[in-house]
Amino acid sequence: LNCSASKRKATHQAHLLTGTMSEEAKEGAVAPASPSGTKTLAVGTAAAPDDAPIGSEMKKLPTSSGSDVVDKMAWVIFPDNKYIKTWDLIVLTCLIILTFILPYQIGVSGGYLILTNIVWLVINVLINAIFFVDTFLYFFRAYRTKDGKLVFNLRTIMRTYACGLFFPNVLSVLPFTLAFYIAGTKFLADHTSSEGASGFLGLVLIGGSLKLIRLFRVRTILYTSDMITTIRLRTNSQKLLLIKYTTLLIVICHWWSCIWCFVAFLEAKSFSTGLLDKPNWIGAWYENNFVPGAPNPIGIDRHLDRYVLSLFWAIQTITSIGYGNISPITYAEWWVGATLQLLAGVAWAYFVGSLVGIAAGFNAAEDSFNQRADEANTLIRYFNNPTFG
């Protein structure tokens, strides 16, 4: 639907409602018909029968003056706005980055990269600033209902957002990164070996969990952005499904590996040599399998080596290979491992089934052609030999 046209219609309707439009213009006004045969000029208004006078269903809109309604609509951001399309692309990019770096920061590095790498810190602060702006932009963004109607009344937009996602979004953009940087720097100064890190781990977990709320915006952007809708319409549906399920599998492997690594941190309450002092899967692997040249997961700065080990476990668990060289040790690890394996089995079965359906979709046109060719050949042979078959 053309949202610029929707904006012009909305202004037209505001004049029509408040009596600031000429009689000739009123006579030329046309209300968009809904599938049920009623005229619906504004979302949230009562639908009028086809023989009702035009504008009768607009009675719930503000009726102070035409200029007031038009002035309020000037603040509404419509989906086809070229700047909001670019903004949605920026926010979606940040969400994709966040999907991968946030679990890594929580479960594998323990915030080490933020505390020791200024570039990593700046990236986190910049992403947080983008989400902060986006949180308040939704007070002015027109949106579509499930049945496709465009909501452009500013008061309705604000009320719906304030009663819905506003509070969770605000929680997700609290300046936790800077607070974590200050507290974490002090912790590393007082605990050079990262021992006694239970409080620090709790800080990482709570702050990271609040940031995870941001990921709920992915669904909002995917289903409300005109840019995403355009991409969907211009791309082969089977290719989109293949990209979707492949991305989903990669994300699941990444998140499973970060969760599995963080469980060892919680058990040892340490990032470095404490992993060897208390039972956990990282310490057990190091004692039984480590040789020079292999990944060394011991030490807060050895986050990449820990990630390789935990990712290896996640992939072999999800694909049901299971070499058994990385296994749970403590009671908590057995429970977490069993839960992740159960969910991984469901995810793998879902992925394989979806992949089969996608492959069938890719070959649908060829299969249909081959079937019709076979039918044509059978018909030709019948005409050449009526006794055939």
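None of the values given here were measured: they were computed from a predicted structure.

(A) Up close: a nonpolar patch on the surface. Nonpolar side chains collect at one region of the surface, where Ile118, Val119, Val122 and Ile123 lie side by side and expose about 360 Å² of accessible area between them. The residue Val119 is located in helix α6 (residues 118-137) in this model. You can call Val119 exposed: its relative accessible area is 51%.

(B) Representation of the state of the cysteines in the model. One pass over the full model with this rule turns up zero disulfides. In this structure Cys261 is not part of a disulfide, and its nearest cysteine sulfur, from Cys258, lies 7.6 Å away.

(C) Main features of the confidence of the model for the protein. Per-residue pLDDT for the protein has a mean of 77; in total, 76% of the residues score no lower than 70. Ranking the elements of the protein by mean pLDDT puts helix α2 (residues 23-28) last with 39 and helix α16 (residues 303-318) first with 94.

(D) Geometry of the packing of helix α13 (residues 237-268) against α16. Running from N to C, α13 and α16 cross one another at 120°; their axes reach a closest spacing of 8 Å. Accordingly, the angle class assigned to the pair α13 and α16 is oblique. Crossing angle aside, the handedness with which α13 passes α16 is right-handed. Touching Leu249, Ile252, Cys253, His254, Trp256, Ser257, Cys258, Trp260, Cys261 and Phe265 of α13 are Arg306, Tyr307, Ser310, Leu311, Trp313, Ala314, Ile315 and Ile318, all from α16.

What counts, and at which threshold
- Residues numbered from 1 in each chain as written.
- Predicted model: local features only at pLDDT ≥ 70, side-chain atom pairs only at ≥ 80, totals over all residues.
- Heavy atoms only, no water.
- Patch = residues over 30% accessible without salt bridge, like charges linked within 9 Å, V, L, I, M, F, W, Y side chains within 5 Å.
- Areas by Shrake-Rupley, 256 points an atom, 1.4 Å probe, with all protein chains shown as cover.
- Salt bridge = Lys/Arg side-chain N within 4 Å of Asp/Glu carboxyl O.
- Helix = DSSP H or I, 4+ residues; strand = E, 2+ residues; numbered from the N terminus.
- Buried < 20%, exposed > 50% of the residue type's maximum accessible area, 1.4 Å probe, protein only.
- Disulfide = S-S within 2.5 Å.
- pLDDT = per-residue confidence, 0-100.
- Axes fitted to C-alpha atoms, helices over the stretch in contact; angles between N-to-C directions.
- Parallel < 35°, antiparallel > 145°, perpendicular 65-115°, else oblique.
- Left-handed = near helix turned anticlockwise from the far one by under 90°.
- Contact = heavy atoms within 4.5 Å.

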